[in-house]
Amino acid sequence: MLVALIAKDKADALDTRLKNRAAHVEHLKSGGLVAQAGPLLNANGEMCGSLVIFDVESVAQVQEWAAADPYAKADLFESVEIIPWNRVIG
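What counts and what doesn't
- What you see as residue numbers is a count from 1 along each chain, following the sequence as written.
- In keeping with the predicted nature of the model, local features appear solely for residues at pLDDT of at least 70, side-chain atom pairs appear and are counted solely at 80 or more, and the whole-chain, interface and lining totals rest on all residues.
- Think of the side-chain values as coming from all heavy atoms in the structure, minus any hydrogens and water.
- Only one rule defines a salt bridge in this text: a Lys or Arg side-chain nitrogen within 4 Å of an Asp or Glu carboxyl oxygen.
- Only protein chains enter the area calculation, which uses a 1.4 Å probe; residues under 20% of their type maximum are buried, those over 50% are exposed, and those in between are partly exposed.
- We count a stretch as a helix when DSSP gives it H or I for four or more residues in a row; a strand needs E for two or more, and each element gets its number in order from the N terminus.
- Here the rule is simple: two strands pair whenever DSSP picks up at least two bridges between them.
- For every element, the axis is a line fit to its C-alpha atoms; helices are fit only across the contacting stretch, and the angle between N-to-C directions ranges from 0 to 180 degrees.
- Expected helix span is computed as 1.5 Å times (number of residues minus one).
- One axis is fitted to the seven residues ending at the residue and one to the seven starting there. The bend at that residue is the angle between these axes.
- In what follows, a contact means two residues having at least one pair of non-hydrogen atoms within 4.5 Å.
- Directions from the helix axis toward the C-beta atoms define the arc.

J.: Can you walk me through the pattern of salt bridges in this structure?
T.: In a structure, side chains of opposite charge can pair up when their charged atoms sit close to one another. For the structure on display, the rule yields three salt bridges. The salt bridge involving arginine 17 is made with aspartate 9; its shortest N-O contact spans 2.7 Å. Aspartate 9 shares its class with arginine 17; the two are buried. Across the salt bridge formed by aspartate 75 and lysine 10, the nearest N and O atoms sit 2.6 Å from each other. In this pair, aspartate 75 is assigned in the loop between helix H3 (70–73) and strand E4 (77–85) and lysine 10 in the loop between strand E1 (2–9) and helix H1 (14–29), connecting sequence segments 65 residues apart. Lysine 10 sits in the partly exposed class, given a relative accessible area of 32%.

So this is what it looks like as structure tokens:
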């Protein structure tokens, strides 16, 4: 099943994101669960959140992955949504 994780950063948290980015990218690459990923951008083109698409057996796998994400551990996010997703195109 495909699952989308949509996370929005806290206000003025770009420095926290940048400090933890390398560890976060390594986390994305480990485990073989992530199908696609990239930062959300604000009107100025600055990173302000994350979109991660997972190909997993259960939503619980995404919840476990999200709890271990260096960004989550750094308390970067204002909100996180984990939503089953149905790809129609692409």
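J.: Honestly, the sheet that holds strand E3 (residues 47–55) in this entry has me stumped. Any pointers?
T.: Consider a sheet: its strands pair through backbone hydrogen bonds, and that pairing is either parallel or antiparallel. The four strands lie next to each other as E2-E3-E1-E4, forming an open sheet whose pairing is antiparallel. Edge positions in the sheet fall to strand E2 (34–41) and E4, since each has one partner strand and no second. Pairwise comparison of adjacent strand axes, ignoring direction, gives a mean angle of 15° for this sheet. In terms of strand pairing, E1 meets E3 through seven bridges, oriented antiparallel.

J.: Can you help me understand unusual backbone geometry in this one?
T.: Most peptide bonds take the trans form, and the phi angle of most residues other than glycine is negative. Phi is positive for aspartate 12, close to 55°, though the residue is something other than glycine. Tracing the backbone shows aspartate 12 in the loop between E1 and H1. Within the chain, aspartate 75 stands out as a residue other than glycine whose phi angle is a positive 60°.

J.: Even after reading the chapter, I still don't get H1, so can you show me in this structure?
T.: The α-helix winds at 3.6 residues per turn, so residues separated by three or four positions along the chain end up facing the same way. Compared with the 22 Å implied by 1.5 Å per residue over 16 residues, the 22 Å span of H1 between its first and last C-alpha is a close match. In H1, a bend of some 55° at arginine 21 exceeds every other bend along the element. Within H1 the residues assigned to the buried category are Arg17, His24, His27 and Leu28. Tucked inside the fold, the buried residues of H1 contact E1, E2, E3, helix H2 (59–68), H3 and E4.

J.: So what exactly am I meant to see when it comes to H2 here?
T.: For H2, every residue scored as buried is listed here: Val62, Trp65 and Ala66. Down the axis of H2, the buried side of the element spans an arc of 100°, and every buried residue falls inside it. Counted as exposed and oriented over 90 degrees from the buried face of H2: Glu64 and Ala67. At its buried positions, H2 is contacted by E1, H1, E2, E3, H3 and E4.

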